[in-house]
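# Results of the structural survey
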Amino acid sequence: MATTYRTCPRTGLQFDTAAEKLMRWNAVAGVLALLVGGIMALGVILTRWPAVKLLPADQFYLVLTAHGVDMLLIWIIFFEMAVLYFASSTLLRCRLAAPKMAWLGFWLMVVGAVMGNYAVLAGESSVMFTSYVPMQASPLFYLALILFAVGALIGCFVFLGTLVVAKREKSYEGSIPMVTFGALTACIIAIFTIATGAAILIPTLLWSVGLIKEIDPQLYRLVWWGMGHSSQQINVSAHVAIWYLIAAVVFGAEPLSEKVSRFAFFLYILFLQLASAHHLLSDPGMSAEWKVLNTSYFMYFAVLASMIHGFTVPGAIEAAQRKKGYTNGLFEWLRKAPWGNPVFSGMFLSLVTFGFLGGISGVVVGTEQLNMLMHNTFYVPGHFHATVVCGTTLAFMAITYLLVPTLFKREMIFPKLCQIQPYLFGISMAVLSLVMMGAGTLGVSRRHWDMAFSGAPFQYEWPGAAYLMMGLTGIFGVIAITGGALWILLVVGSLLFGKKLDGGTLSDKPVPHAPLDSVAARASHTGSAEHVQVPGTVVLAMLLLTSFVLYYFVNWKYLSEVWALS
Amino acid sequence: MSAILPPADRLWWKQPIDKTEWVWISLAFTWAMIMFGMMIYWHINGKQNLSNEVYKTTPEAYAAKAEKFIADNTVRTETEKNIPVVKVPEGGDGYLIARLWDWYPILEMERGKTYKVHLSSMDYQHGFSLQPVNINIQVLPGYEHVVKMTPTKEGTYSIVCNEYCGIGHHTMLGRIYVK
Ligand SMILES: [Cu+2]
């Protein structure tokens, strides 16, 4: 199929125009889902804020379900499709394989997204994102999830096809770039995830229309989490790839070691799926041996991988900055970083909050015995707002500041507001995650309309601190939503009213990557041979490890004080 | 910009890894193994582990056992709904039914004594969340989970349902008395 190639004059990136259009539409669909999910978030947070308690119970559960589906699934996966097309056709400088199939995938996802929102908003499907059987949603709800997943699956295969095209047409030499490797990791996990989703959602659809009599609730949980958790690992791989991408674009940073970083991505493929077992730690149906093996021994290899990326990404930035001459003391490289550039500040906040808040809390909640302290409490959404929102969503927001001029050829409007937005959103979301975890530690339940138990046969008063935490949840939740709304305004405003930028030149043929031994290639690569020491990153990493160890053992101490159980 | 370009060195996997990176990887790996060991250690020496004792059951079969337990051990009833308060025999079995939207019955236990508490649901999934001690266990229909509990302090404890189970979820509050 004939297509043209556009070379962006600002970044030098080359876009297959067919792929470019897909990236734009997927990104726009994602932003729309974020908008709907954000409005739902307002309903959720204003209801859980004890002093406000906005919605009645039925509407609260409906809005909470829509919030989960729109944010965790629709927004993120649409955006990830754009990332996949970018990491394949643009970074490999080749044409996109099967653009018609890619459009079919896109429209299936759109139909799934619309149908899913309709099913939830019409009522009868307030089953939460996990939709545990035997609680039943309308068949439309399950069908919507299946259609959306099939659409995403098609996108994954188009990505893989594009890798094949690039290899065959020799658009690059040697190995694929690291960012593409990270996207490949996300894609492989996505395929596994979607297969698992089909394995549980198809029987559940048949059950909801009466063709299957019963689905075992424990089996449902086991298979569902194979999808539910690994789908979040697609996000981790994707946003880590974006960290590397931003470090490369903003600083010209290169990985400290290709071998280490790629090996860490490979560990995700091998072990992340098993981490989903940590959702079953307080379940009756699994033996302790099974729990320990899956959630600990195996999960820790995935944790190790994240700890490696957490070191190598800032390490790469530090090395690049030191080469530029920022060598004074431990942290001059960091102080002199472009903190006013939202691409960088968003990325760095994503890295720090994901590591310190999301990572540490994830391991603690995923420890077999400690899980009993947090299972199904408000700690759990606290943890995943730190990972998925502070980590993934913030990284996606950061890269958008780069994509708007590059992909949409528009300048961002209100540059001052653009500077503030990552801080407003990132910091309030981080505090929100923390106070949610705090409330959870005090026992407050997740997915609970009224912490005052109105209408219950007994009374139970939560400690005053729990009410305080929930009040703070409300306040910081509203600030975070403001930060998210600001991002949407800035992005949509820029697309509509931003100054039009020069699109660059079009050509009929792609220009492949320069051969590896060319002078140009040697000039742009310094090679790992001249390794730069990264003492600042070592200090930051040790700080992470120390907080990790302390917090981990504090929780064991807390556990040792509850009733004896066996 | 090598993260977005093919690696400069074709044979990147043959390049040596820097010492600093090795140190960090070794530290992280050691820490992961300590955390792995910690769970096994707690199974041997810790006092708070979730039981492996589980049976497949049906709501009917479970309800029948629970009703017999209630009939044999009820000491009084409480609230307008006449919820039975049932004394669990020392070292013996107590049954707790989770259903839309209550925990039934109220259990009475003594401090320092050990009891086998059975948990199962009659309908949807529920969450056993014991407050204010904060022990949280998933409760599934069709599964009878037997957990040995030893209350460490006297008082009135509440069981909050923390798995969403429908519109009346927030009223699903139960009780355990420890004397
Ligand atoms: Cu319940």
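Chain B has the name Cytochrome oxidase subunit II copper A binding domain-containing protein in an unreviewed UniProt entry, where Candidatus Nitricoxidivorans perseverans is given as its organism. Quoted verbatim from the Subcellular location (unreviewed entry) field of the UniProt record, the comment on chain B reads "Cell envelope".

An unreviewed UniProt entry annotates chain A as Cbb3-type cytochrome c oxidase subunit I originating from Candidatus Nitricoxidivorans perseverans.

## A short note on the overall build of chain B
Along the backbone of chain B there are two helices and 12 strands. Computed over the C-alpha atoms, the radius of gyration of chain B is 24 Å, more than 25% above the 16 Å expected from 2.2 N^0.38 for a compact globule of 179 residues. Taking the principal axes of its C-alpha atoms as reference, chain B extends roughly 80 × 40 × 30 Å. Taken over 179 residues, chain B has a buried fraction of 58%. Contacts in chain B between residues at least 24 apart in sequence constitute 58% of all its contacts with a sequence separation of at least 6.

## Looking at the packing of helix 14 (residues 415-441) of chain A against helix 15 (residues 464-497) of chain A
Packed helix pairs are characterised by how far apart their axes lie and by the angle those axes make with each other. All names here are of chain A. Where helix 14 meets helix 15, the axes come as close as 8 Å, and the angle between the chain directions of the two elements is 155 degrees. Overall, the two elements helix 14 and helix 15 adopt an arrangement that is roughly antiparallel. Regarding helix 14 and helix 15, the two cross each other, and that crossing is left-handed. Per-class residue counts for the contact of helix 14 with helix 15 are 19 nonpolar, eight polar and no charged.

## Points about the sheet that holds strand 1 (residues 5-7) of chain A
Residues and elements named next belong to chain A. What the three strands build is an open sheet, ordered 2-1-3; its pairing is antiparallel. On the outer flanks of this sheet lie strand 2 (14-16) and strand 3 (505-507), each paired with one strand and no other. Going across the sheet, the axis of each strand differs from the next one's by a mean of 25 degrees, ignoring polarity.

## Comments concerning the UniProt feature "transmembrane region" (unreviewed entry) in chain B
As annotated by UniProt and renumbered to match this structure, "transmembrane region" (unreviewed entry) occupies residues 22-42 of chain B. Segment residues 22-42 of chain B splits into 100% helix and 0% strand. End C-alpha atoms: 30 Å apart.

## Examining the coordination of the copper ion
Residues and elements named next belong to chain B. Coordination of the copper ion by the protein involves H126 (ND1), C161 (SG), C165 (SG) and M172 (SD), with metal-donor separations of 2.0 to 2.5 Å. Around the copper ion sit four donor atoms; with metal-centred angles ranging over 94 to 122 degrees, the donor geometry is tetrahedral. Along the chain, the residues that donate to the copper ion are spaced as H-x34-C-x3-C-x6-M. Highlighted residues: H126 in strand 8 (residues 126-131) and C165 in the loop between strand 11 (155-161) and strand 12 (173-178), separated in sequence by 39 residues.

## Focus: the pattern of salt bridges
Evaluation of the coordinates by the stated rule reveals 24 salt bridges over all chains. Here E561 of chain A and K557 of chain A are joined by a salt bridge, their closest N and O atoms 2.4 Å apart. With a closest N to O distance of 3.3 Å, E154 of chain B and R111 of chain B form a salt bridge. One end of the pair, E154 of chain B, is in the loop between strand 10 (143-150) and strand 11; the other, R111 of chain B, is in the loop between strand 6 (106-109) and strand 7 (115-121), with 43 residues separating them in the sequence. For E154 of chain B, a relative accessible area of 51% gives the class exposed. The exposure class assigned to R111 of chain B is partly exposed, which follows from its relative accessible area of 47%. Taken together, the shared-partner salt bridges connect R76, E78, E108 and K179 of chain B into one network.

## A short note on the side chain of E258 of chain A
Structurally, the position occupied by E258 of chain A is in helix 8 (residues 258-275). Residue class for E258 of chain A comes out buried when judged on its relative accessible area of 7%. E258 of chain A has contacts with M178 of chain A together with S2, P7 and W12 of chain B, leaving out every residue within four places of it along the chain.

## A word on the interface of chain B and chain A
Each partner contributes residues to the interface: chain B has 86 residues there, and chain A has 111 residues. Around 9100 Å² of area is buried between chain B and chain A when both sides are counted, 67% of it from carbon and sulfur atoms. Across the contact surface, chain B and chain A share two salt bridges. Counting every contact that joins chain B to chain A gives 40 residue pairs in polar contact (both at pLDDT 80 or more). Every element with two or more residues in the side of chain B that touches chain A is listed here: helix 1 (19-45), strand 1 (54-56), strand 6, strand 8, strand 9 (135-139), strand 10, strand 11 and strand 12 of chain B. For the side of chain B that touches chain A, the element with the highest residue contribution is helix 1 of chain B, accounting for 17 residues. Residues of the side of chain B that touches chain A, tallied by class, amount to 50 nonpolar, 25 polar and 11 charged. Inspection of the sheet shows strand 4 (residues 564-565) of chain A paired to strand 10 of chain B by two bridges, in the antiparallel sense. Within the sheet, the bridge partner assigned to A564 of chain A lies in strand 10 of chain B and is T150 of chain B.

How each quantity is defined
Residues numbered from 1 in each chain as written. Chains lettered and ligands numbered in written order. Predicted model: local features only at pLDDT ≥ 70, side-chain atom pairs only at ≥ 80, totals over all residues. Heavy atoms only, no water. UniProt positions renumbered as here; feature names shortened; annotations may be inferred. Helix = DSSP H or I, 4+ residues; strand = E, 2+ residues; numbered from the N terminus. Rg over C-alpha atoms; globule rule 2.2 N^0.38 Å. Buried < 20%, exposed > 50% of the residue type's maximum accessible area, 1.4 Å probe, protein only. Contact = heavy atoms within 4.5 Å. Axes fitted to C-alpha atoms, helices over the stretch in contact; angles between N-to-C directions. Parallel < 35°, antiparallel > 145°, perpendicular 65-115°, else oblique. Left-handed = near helix turned anticlockwise from the far one by under 90°. Nonpolar A, V, L, I, M, F, W, Y, C, P; charged D, E, K, R; others polar. Pairing = 2+ DSSP bridges. Donors = N, O, S within 2.8 Å, 3.2 Å for Na, K, Ca; no water. Tetrahedral: all angles 85-135°; square planar, octahedral: opposite > 155°, others 65-115°. Salt bridge = Lys/Arg side-chain N within 4 Å of Asp/Glu carboxyl O. Buried area = accessible area lost by both parts, 1.4 Å probe. Polar contact = N/O pair within 3.5 Å; in protein donor to acceptor, adjacent residues only side chain to side chain.

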